[in-house]
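Descriptive analysis of the structure
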Amino acid sequence: KGKAVLAEHAENVRTKLRGSIVDSITNIATVIHFAARGRELARTEGLVMDSYRAELKSSFYSNMMMLGNGVGLFVFSIAVLFVSLYLWSSGAISAGTLVTLLVIMSNLLWGFSHVGSQINEFAEAYGEIQNGLNDVVVPHDVADATDAQPLKVASGVVIFDNVTFGYTDKNVFTDFNLAIDAGQ
């Protein structure tokens, strides 16, 4: 569960980083960059560092899980080896049985190691899926009144009339005018 939570957090940070990069490519972000380039670069650098830290934390957790799995498997294999050698040396099992036990043990070790790796990958995928669902399954912020009538739009136009837009002391648009007719 801990790995899934860390993977979800890492995916959430990656999503924010991707969103920032996409914003930087769009026209609006281009306007912002010209007006406030330094602030936008600092914001993107902060997101990159957040992504790095989240990935590092998730990776560290994964590696600690795999290390614990490896140590457990090592202790198990040493115990089986010593018990098998003791039984063989005391004549309780034959050399063929000893070899069979060692082969079975090596297959079990590979299987447990593989299962641990698959659980780790599953937790990573689960975190990514959970993050995606959190983005998609968002409750509506605006609730209609109980007696609200359906909105009927026959035509429309979007008008920007004498719009001024800027950051700090730099105006990007001054007295900007634009009309966008319905269907455009």
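Everything here concerns the structure above.
Conventions used here
Residues numbered from 1 in each chain as written. Predicted model: local features only at pLDDT ≥ 70, side-chain atom pairs only at ≥ 80, totals over all residues. Heavy atoms only, no water. Helix = DSSP H or I, 4+ residues; strand = E, 2+ residues; numbered from the N terminus. Rg over C-alpha atoms; globule rule 2.2 N^0.38 Å. Buried < 20%, exposed > 50% of the residue type's maximum accessible area, 1.4 Å probe, protein only. Areas by Shrake-Rupley, 256 points an atom, 1.4 Å probe, with all protein chains shown as cover. Pairing = 2+ DSSP bridges. Salt bridge = Lys/Arg side-chain N within 4 Å of Asp/Glu carboxyl O.

1. A few points about the overall build of the chain
Counting its secondary structure elements, the chain contains 3 helices and 2 strands. Secondary structure elements in the chain, listed N-terminal to C-terminal, are α-α-α-β-β. In terms of overall dimensions, the chain is more spread out than a globule: its C-alpha atoms have a radius of gyration of 30 Å, far above the 16 Å expected for 184 residues. A principal-axis box enclosing the C-alpha atoms of the chain has dimensions of 100 × 45 × 25 Å. Counting over 184 residues, the chain shows a buried share of 19%. A total of about 13500 Å² of accessible surface is found on the chain, and carbon and sulfur atoms cover 65% of it.

2. Observations concerning the pairing of strand β2 (residues 170–181)
On a regular strand, each side chain points to the face opposite its neighbour's, so the side chains alternate between the two faces of the sheet. Relative to β2, strand β1 (residues 157–167) is paired through 8 bridges, and the arrangement is antiparallel. Looking at the pairing, Y167 lines up with K170 of β2.

3. Topic: the pattern of salt bridges
Summed over all chains, the structure comprises 6 salt bridges. We note a salt bridge from R14 to E11, for which the minimum N-O separation is 2.5 Å. Of this pair, R14 and E11 both sit in helix α1 (residues 2–25), 3 residues apart, roughly one helical turn. Take R14 and E11: they sit in the same class, and that class is buried. Of the residues examined, R14 reaches a relative accessible area of 16% and is grouped as buried.

No statement about biological role is implied by the geometric values presented.
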